[in-house]
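Structure assessment
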Amino acid sequence: VVLLMFLFSFLFFLVFFFFFKQKTAYEIGVRLVGSEMCIRDRRKIISEVRIMDRIALVIGNSDYSNVGKLNNPKNDADDIASILNKLNFDVTKIMDANLIDIQKSVNDFLQALDEYAVGVFFYAGHGMQIDGKNFIVPIDLKLSDKSKTMVSCYCLNSLLEGASSYKGKTLI
């Protein structure tokens, strides 16, 4: 009886495996993570479409005009971007970004995250905390009073709030 149950389970597994293995992402409506496949269109065949499932935004700020310059952030950002590229991440690398560049790149990253399963955000450069909130310091920051400084930096809470709406995604 045990042997018969084992054989029945094994047979069920094989049928299940082969039935679903033959389906493409197009047919079953899901994204196959990191795979290559052929998708048949009624008019043409698109061969070997690489489906990227990982996205990364890498920012390295070194060349500050009004606060101390840093030596390592550009190198760190280059190294991280290189590693993520080797791991098949779709990487956007921004170097020496002002506030507008940071805001635009983060907004683009969050909008693009809809199409990806994994998102990585990496920042190297000056940062600060004001009233319990963490800020990325753009390269053109002019230190002033607290309220002007806060609106002249990028608040990481904006990134975290935007990313929190993506349930079922891995965010690093």
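The structure this text deals with has already been given above.
Procedures and definitions
- Residues numbered from 1 in each chain as written.
- Predicted model: local features only at pLDDT ≥ 70, side-chain atom pairs only at ≥ 80, totals over all residues.
- Heavy atoms only, no water.
- Buried < 20%, exposed > 50% of the residue type's maximum accessible area, 1.4 Å probe, protein only.
- Helix = DSSP H or I, 4+ residues; strand = E, 2+ residues; numbered from the N terminus.
- Pairing = 2+ DSSP bridges.
- Right-handed = clockwise from strand over helix to strand, strands pointing away.
- Contact = heavy atoms within 4.5 Å.
- Axes fitted to C-alpha atoms, helices over the stretch in contact; angles between N-to-C directions.
- Phe/Tyr/Trp six-rings, centres within 6.5 Å; stacked < 30°, edge-to-face > 60°.
- Lys NZ or Arg CZ within 6 Å of the ring centre and 35° of its normal.
- Polar contact = N/O pair within 3.5 Å; in protein donor to acceptor, adjacent residues only side chain to side chain.

**Points about the pairing of strand β3 (residues 54-60)**
The buried fraction of β3 amounts to six of the seven residues, a majority that puts the element mostly inside the structure. Across seven bridges, β3 lies against strand β5 (residues 118-124) in parallel orientation. Directly across from Leu 57, in β5, lies its bridge partner Phe 121. Summarising the sheet, β3 and strand β4 (residues 90-95) pair through six bridges and their orientation is parallel. When the sheet's bridge partners are listed, Ala 56 is paired in β4 with Val 91. Traced from β3 through helix α3 (residues 73-86) to β4, the parallel crossover comes out right-handed.

**A few points about the sheet that holds strand β9 (residues 170-171)**
Strand order across the open sheet formed by four strands is β4-β3-β5-β9, with parallel pairing between neighbours. Of all strands in the sheet, those bounded by a partner on one side alone are β4 and β9. Its contacts with the sheet place helix α4 (residues 99-112) against β3, β4 and β5, and it is angled at close to 170 degrees to β3.

**Brief notes about the packing of aromatic side chains**
Per the counting criterion, the structure on display carries zero aromatic pairs. Cation over ring: Arg 54 sits above Phe 89, and NZ or CZ is 5.6 Å from the ring centre.

**Quick word on the environment of Tyr 64**
For Tyr 64, the location among the structural elements is in the loop between β3 and α3. With a relative accessible area of 1%, Tyr 64 lands in the buried category. Linking Tyr 64 and Pro 138, residues 74 residues apart in sequence, is a C-alpha distance of 7.7 Å. Excluding residues within four positions of it along the chain, Tyr 64 makes contact with Lys 69, Leu 70, Tyr 123, Gly 125, His 126, Val 137, Pro 138 and Ile 139. Looking at Tyr 64, its side chain comes within polar contact range of the main-chain nitrogen of His 126, at 2.8 Å.

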